Amino acid sequence: MENEPTHDATLDKPFPLWFMLLLPIYAGGFLSLFLFPVAGDWRWLEGWAYVITFAINMGISYIIINQKNPRVIRNRAKLKKEGLTATTRKSAGSDRFIMPLMSVGFFGALIVPGLGHRFDWATITLTLEFIGLVLSNIGLIIMNVAVLQNSFASKILDINKGQTLIDTGLYAHARHPLYAGATLMILATPIALGSWWALLPAILAVLTLVARIESEEEMLIRGMNGYEDYQKQVKYKLIPGIY
């Protein structure tokens, strides 16, 4: 169930530790720009809890990924689609409208809680916020495990030269475990940040993610040998036993 793999030693060379340590700092700083200026309060505890746990989670995960599967970090950094054919280009082209919608939904799920904090909108209890924080980090862990297990887990819809079809680990239970983790993280983020209203843009992000799955599967059926057999082997897309 795989294409002929590409053997390039440079792709499997780990990045320097200092570079990996910059990633959580960058991620934390980036998230902070969407939280604290909007909230108008750099002492917002829920915001700091979210940013700090996200950064620590990402930092530890990517240090591990860098040691065990650095190739996937390089693949996820790619912005140019290189493996499309005439039969897969149309399906992959859906990224042009899906990614902007997904971004609006995700960043909306960060911005709306900030507005809620600034203007004292109805908030969520501290207990539920804590549960949301835990769930958002579990979602991120699922995403990172899926990335670790799949060297070709690209951010763009593409089929790389020598791409391998993974059917082990998390991929033995759901065909898109990375998206499953992302769904949990996105839906839990508004709760972690204390805003019911922010679930609206979060749901938009999840719906566009589901739409992306349909386009991705169409691309993989047309462009990757064995994918239809994999669909029969692993029947669920996101949640085993449900969807």
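Look above for the structure.
These remarks concern the structure in this document. (Residues numbered from 1 in each chain as written. Predicted model: local features only at pLDDT ≥ 70, side-chain atom pairs only at ≥ 80, totals over all residues. Heavy atoms only, no water.)

Structural notes on the overall build of the protein
Piece 1. Within the protein one finds nine helices and zero strands.
Piece 2. Overall, the protein shows an N-to-C arrangement of helices and strands of α-α-α-α-α-α-α-α-α.
Piece 3. The C-alpha atoms of the protein give a radius of gyration of 19 Å, which matches the 18 Å a tight globule of 243 residues would have.
Piece 4. Referenced to the eigenvectors of the C-alpha coordinate spread, the extents of the protein come out at roughly 55 × 40 × 30 Å.
Piece 5. Counting all 243 residues of the protein, 49% fall into the buried class.
Piece 6. Excluding contacts between residues fewer than 6 apart, the proportion of contacts in the protein whose partners are at least 24 apart in sequence is 82%.
Piece 7. Approximately 12600 Å² of the protein is accessible, and the part contributed by carbon and sulfur atoms is 68%.
Piece 8. Positive and negative side-chain charges of the protein, numbering 21 and 18 respectively, have mean locations separated by a distance of 5 Å. (Helix = DSSP H or I, 4+ residues; strand = E, 2+ residues; numbered from the N terminus. Rg over C-alpha atoms; globule rule 2.2 N^0.38 Å. Buried < 20%, exposed > 50% of the residue type's maximum accessible area, 1.4 Å probe, protein only. Contact = heavy atoms within 4.5 Å. Areas by Shrake-Rupley, 256 points an atom, 1.4 Å probe, with all protein chains shown as cover. Lys, Arg positive; Asp, Glu negative; His and termini not counted. Charge placed at Lys NZ, Arg CZ, Asp CG, Glu CD.)

As for unusual backbone geometry
Piece 1. Of note, D120 is a non-glycine position whose phi angle comes to about 55°, a positive value.
Piece 2. Note on placement: D120 falls in the loop between helix 5 (95–119) and helix 6 (126–149).

Notes on the pattern of salt bridges
Piece 1. For the coordinates displayed, the defined rule picks out five salt bridges.
Piece 2. The salt bridge involving D12 is made with R71; its shortest N-O contact spans 3.0 Å. Of the two residues, D12 sits in the segment before helix 1 (17–39) while R71 sits in helix 3 (residues 70–77), which places them 59 residues apart along the sequence.
Piece 3. Linking R43 and D41 is a salt bridge whose minimum nitrogen-to-oxygen distance equals 3.8 Å.
Piece 4. Judged by its relative accessible area of 19%, D41 falls in the buried class. (Salt bridge = Lys/Arg side-chain N within 4 Å of Asp/Glu carboxyl O.)

Some points on the nonpolar core
Where a protein is soluble and globular, its nonpolar side chains tend to be buried together.
Piece 1. Grouped together as the largest cluster of nonpolar side chains are 53 residues, with contacts concentrated most on L35, Y50, F54 and Y62.
Piece 2. Looking at this core, the elements that each hand over two or more residues are helix 1, helix 2 (45–68), helix 3, helix 5, helix 6, helix 7 (177–192), helix 8 (199–223) and helix 9 (227–233).
Piece 3. Residues contacting L35, with those up to four places away along its chain left out, are W44, G47, Y50, V51, L110, G114 and L193. (Core = buried A, V, L, I, M, F, W, Y, C linked by side-chain atoms within 4.5 Å.)

Looking at the environment of T164
Piece 1. Looking at the secondary structure, you find T164 in the loop between helix 6 and helix 7.
Piece 2. Note: C-alpha distance between T164 and E217 (53 residues apart in sequence) is 15 Å.

What to know about the side chain of D41
Piece 1. On the secondary structure map, D41 appears in the loop between helix 1 and helix 2.
Piece 2. Within the structure, the side chain of D41 is placed 2.9 Å from the side chain of H117, a separation counted as a polar contact.
Piece 3. Other than its neighbours up to four places away in sequence, D41 contacts F36 and H117. (Polar contact = N/O pair within 3.5 Å; in protein donor to acceptor, adjacent residues only side chain to side chain.)

Brief notes about helix 2
Side chains of residues three or four places apart in an α-helix project in the same direction, reflecting 3.6 residues per turn.
Piece 1. The terminal C-alpha atoms of helix 2 lie 35 Å apart, and with 24 residues this matches the ideal 34 Å at 1.5 Å per residue to within 8%.
Piece 2. Of the residues making up helix 2, those classed as buried are G47, Y50, V51, F54, A55, N57, M58, G59, S61, Y62, I65 and N66.
Piece 3. Its buried side turned inward, helix 2 meets helix 1, helix 3, helix 5, helix 6 and helix 7. (Expected span 1.5 Å × (residues − 1).)

Topic: a nonpolar patch on the surface
Piece 1. Judged by side-chain polarity, L128, F130, I131, V134, L135, I138 and W196 come together as a nonpolar surface patch covering roughly 600 Å² of accessible area.
Piece 2. Among the residues examined, I131 registers a relative accessible area of 40% and is labelled partly exposed. (Patch = residues over 30% accessible without salt bridge, like charges linked within 9 Å, V, L, I, M, F, W, Y side chains within 5 Å.)

Side note on empty space enclosed by the protein
Piece 1. By the definition in use, this model includes one cavity of 30 Å³ or more.
Piece 2. Size it by volume and the largest cavity reaches roughly 30 Å³.
Piece 3. What lines the largest cavity is Y50, T53, F54, L133, S136, N137 and L140.
Piece 4. If one sorts the elements of the lining of the largest cavity by residue count, helix 6 sits on top with four residues. (1 Å grid on protein atoms, 1.4 Å probe; cavity = no way out; pocket = protein on both sides within 12 Å on 5 of 7 lines; lining within 4 Å. Points joined across faces, edges and corners; volume = space filled by probe spheres on them.)

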